[in-house]
Amino acid sequence: MENKYKYFKRDISWLSFNYRVLLEALDERLPLYERINFISIYSSNLEEFYKIRVADHKAVASGATESDEESVQSARELVEEINREVNRQLDDRVRIYEQKILPALQKNHVIFYQDSHVEPFHQQFIKDFFKEEIFPYLQPVPVSKDKIVSFLRDNRLYLAIRLYPKEEGKEGEEGEAIEGIESPILESSRPPLYFVMKQPYAKVPRFIELPCHEKNHYLMFVEDIIKANLNLIFPGYDVESCYSIKISRDADILIDDTASSADLVAQLKKKVKKRKIGDVCRFVYDRAMPHDFLDFLVDAFHIHRDELVPGDKHLNLEDLRHLPNPSKSLHSPEKPKPMKLTILDEKESIFNYVARKDLLLYYPYHSFEHFIHFLYEAVHNPETREIMVTQYRVAENSAVINTLIAAAQNGKKVTVFVELKARFDEENNLATAEMMQAAGIKIIYSIPGLKVHAKVALIRRRGLNGEKIPSYAYISTGNFNEKTATLYADCGLFTCRKEIVNDLYNLFRTLQGKEDPKFTTLLVARFNLIPELNRLIDREIALADQGKPARIILKMNALQDPAMIDRLYEASEHGVQTDLIIRGICCLIPDQPYSRNIRITRIVDSFLEHARIWYFGNGGNPKVFMGSPDWMRRNLYRRIEAITPVLDPDLRNSLIEMLTIQLADNQKACRVDAKLQNIFKKRTPGTPAIRAQYTLYNRLCSNNTQHPQRPTSHVPQ
């Protein structure tokens, strides 16, 4: 029987989210360089998307790998659909960049040259800079269909050049090409020659600041400086044209997930080095390139037609995050700075505070230093028996890792579970694991067939005379990473409640393969999570059937699992009012007969919304949960995830207040409709402007000064 419920395609939904990121570049209320940074984020997101998701689909489409989720034909059709949507978005990105960003820069006296044309007062500087700073690092490589061509490195920019030998007696002067290089070569008798040339990567910055002139500052892409001086590289030739190209390569690592820890480490050390030489998943080229020029490159580099993705004149716009800001008037106002809680001043021990009352931190509004101080207390507390932590993604030169090493050196037993399979962090995780192991820390590596995505820490204590004293648990929605803790909006809960501490200890024993655990309070994926979610949803359905208020609010990064989406559709059909605050992928389709009581909100702002908070009305006695998983198949069935109920009524109300603020956002919130469009929520006349991230920050500041951790709130209706 055919399922009456329908779902958005995961990757098309993700593209809708990334397009929402791009739309931030249109918001003229934002500082200009923040708008530019959103173009960079959009481009960087898209690069990773092609390396992982599109590469996977292409492998299925080519028959190289098999999938239970899609056929060869459906994979081909999906890649075509993805490319169509990306091309549509690229048109908008070009329009936003050229028609909105560049004029805004110029209005602020920053002239950003976009082609080889340079004002006369800069021409000599350009030529001198090229000769002295760029030319020594250039190496043109000839390209021929009949010979082995050079290897194009992943995500590096190259210039593809077509030129002709000069006719005798028609040698030009050195500087003639400064005004442009794309003059047509009319003679067809001279066979063209082709070259590729990698742009300098480490030796020369992507953006060059030119001398100021009058009130204006000037910037230029390094490739445009190269293009303006090609005649110096190819004396004796007429350069007909030059275009940017780049290759994106498959960055996924296929490993034997059933291997032992030692074998897994050996596999990763070997295979992570091959990431840069993976199969081509897209060939991006300047869309202005003539068809015959493109055809030559396709044949020479053995590019498949379905790998072609047209781009703009300037590729790799993720580099815009490094765009110099020469005008003092364009410095962005400071974002909210992480605050330290007044209840945790230098005289207050976190251990002592949490022994009396649970503590909830909101990052990046609260300082991550509180967590570092929590570990530091454990290091120097004589009653600490053991520190247990999961590691998924940590910062380089991590303060967390350094503190754990200090604990081991101070004679404490330290156990760290290291997830080696955290994509793009494999090398860093392996290096930090080996460093910790050398310091005497017990390292537990990845579980075969599973990823451990839980973000938890446990401080086990016992009195000096053997008496039982409180141990401490920490459950977070984000990684133990002090760098991302200033960029990602997450929550972390400290508690010494015995039921949570005992469950967390059982979880760590499970990670060590020591027992089949029983969890009484924590919800743990692959154990008791799905049954409890079904029970909570059933409770709301029963309330709705009785004509009572029934309410669900789910804040997550992604919602993709069809089984759980079906449960939400079912609840909607019974009248359960459901709000989804989903930042990224959302495969649930709103505005259908079976989803008429479901609304989807997407918030994109200064910080990356990363927290997972779940609210169930429960007949007026709400249940609120926080933890690490999204509702995706991988999180619910193929990972170890940990979620805790928030049992302290003050902290529970605090999280309810946060959800209320986010649902009321009328500045940065969008409603996602049945066509995956991002429909901005309108501010109702007479109502205050609510920008959720900044409203929450201001509320937390007020609570920190007046009534720390005791906000008033109401159950959102």
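As a reminder, the structure under discussion sits directly above these lines.
Let me sum up the structure you'll find in this document.

Cut-off values and rules
- Residues numbered from 1 in each chain as written.
- Predicted model: local features only at pLDDT ≥ 70, side-chain atom pairs only at ≥ 80, totals over all residues.
- Heavy atoms only, no water.
- Helix = DSSP H or I, 4+ residues; strand = E, 2+ residues; numbered from the N terminus.
- Contact = heavy atoms within 4.5 Å.
- Areas by Shrake-Rupley, 256 points an atom, 1.4 Å probe, with all protein chains shown as cover.
- Expected span 1.5 Å × (residues − 1).
- Buried < 20%, exposed > 50% of the residue type's maximum accessible area, 1.4 Å probe, protein only.
- Pairing = 2+ DSSP bridges.
- Salt bridge = Lys/Arg side-chain N within 4 Å of Asp/Glu carboxyl O.
- Core = buried A, V, L, I, M, F, W, Y, C linked by side-chain atoms within 4.5 Å.
- Axes fitted to C-alpha atoms, helices over the stretch in contact; angles between N-to-C directions.

Points about the overall build of the protein
Across its full length, the protein carries 18 helices and 28 strands. Within the protein, contacts between residues at least 6 apart in sequence are counted, and of these 78% link residues at least 24 apart. In the form shown here, the protein has an accessible surface area of approximately 31200 Å², with 49% of it arising from carbon and sulfur atoms.

Let's talk about helix H3 (residues 72–107)
Helical geometry: 3.6 residues make up each α-helical turn, so side chains three or four residues apart lie on a common side. Along its 36 residues, H3 runs 51 Å from first to last C-alpha, staying within 8% of the 52 Å computed at 1.5 Å per residue. Two residues or fewer after H3 comes His-109, characterised by a positive phi angle close to 70 degrees.

Regarding the pairing of strand S23 (residues 612–616)
Counting buried positions along S23 gives five out of five residues, so the element sits mostly inside the fold. Neither face of S23 is exposed, since Arg-612, Trp-614 and Phe-616 on one face and Ile-613 and Tyr-615 on the opposite face are all buried. When strand S19 (residues 551–556) meets S23, the two strands line up antiparallel, connected through four bridges. Looking at S23, one finds that Ile-552 is bridged to Phe-616. Taking the residues between adjacent antiparallel strands as the criterion, S23 and strand S24 (residues 623–627) are bridged by six residues, where Asn-618 takes a positive phi near 55 degrees.

Focus: the pattern of salt bridges
According to the stated counting rule, one finds 41 salt bridges in the structure shown. Asp-306 is the partner of Lys-58 in a salt bridge, and the nearest nitrogen-oxygen pair spans 3.2 Å. Taken as a pair, Lys-58 in helix H2 (residues 32–61) and Asp-306 in the loop between helix H8 (291–300) and strand S9 (308–311) lie far apart in primary sequence, 248 residues in all. The buried category is assigned to Lys-58, whose relative accessible area is 12%. Residue classification places Asp-306 among the partly exposed positions, given a relative accessible area of 44%. The residue Arg-612 makes a salt bridge to Asp-630 at a minimum N-O spacing of 3.1 Å. Here Arg-612 is found in strand S23, whereas its partner Asp-630 is found in the loop between S24 and helix H16 (633–637), with 18 residues between them in sequence. The network of salt bridges with shared partners includes Arg-20, Glu-24, Asp-27, Arg-29 and Lys-668.

Some words on the nonpolar core
Counting residues in each nonpolar core, the largest one holds 87 residues, and the members touching the most others are Leu-105, Phe-112, Leu-559, Leu-580, Leu-588, Trp-614 and Trp-631. When neighbours within four sequence positions are excluded, Trp-631 is seen to be in contact with Leu-533, Ile-537, Leu-554, Met-556, Ala-558, Leu-559, Gln-560, Asp-561, Met-564, Leu-568, Trp-614 and Leu-636. Counting residues in hydrophobic clusters, the runner-up holds 44 residues, among them Ile-401, Leu-404, Val-414 and Phe-480.

A closer look at the sheet that holds strand S1 (residues 110–113)
Here three strands make up an open sheet; going across it, the order is S1-S6-S5 and the pairing mixed. Two strands in the sheet have a free side with no partner beyond their single neighbour: S1 and strand S5 (207–213). Direction aside, the axes of adjacent strands within the sheet are offset by 25 degrees on average. Bridge analysis of S1 against strand S6 (residues 216–221) gives four bridges, and the strand direction is parallel. In the sheet register, Val-110 faces S6, and the bridge partner there is His-217. The sheet contacts of H3 involve S1 and S6, and relative to S1 the element is tilted by about 135 degrees.

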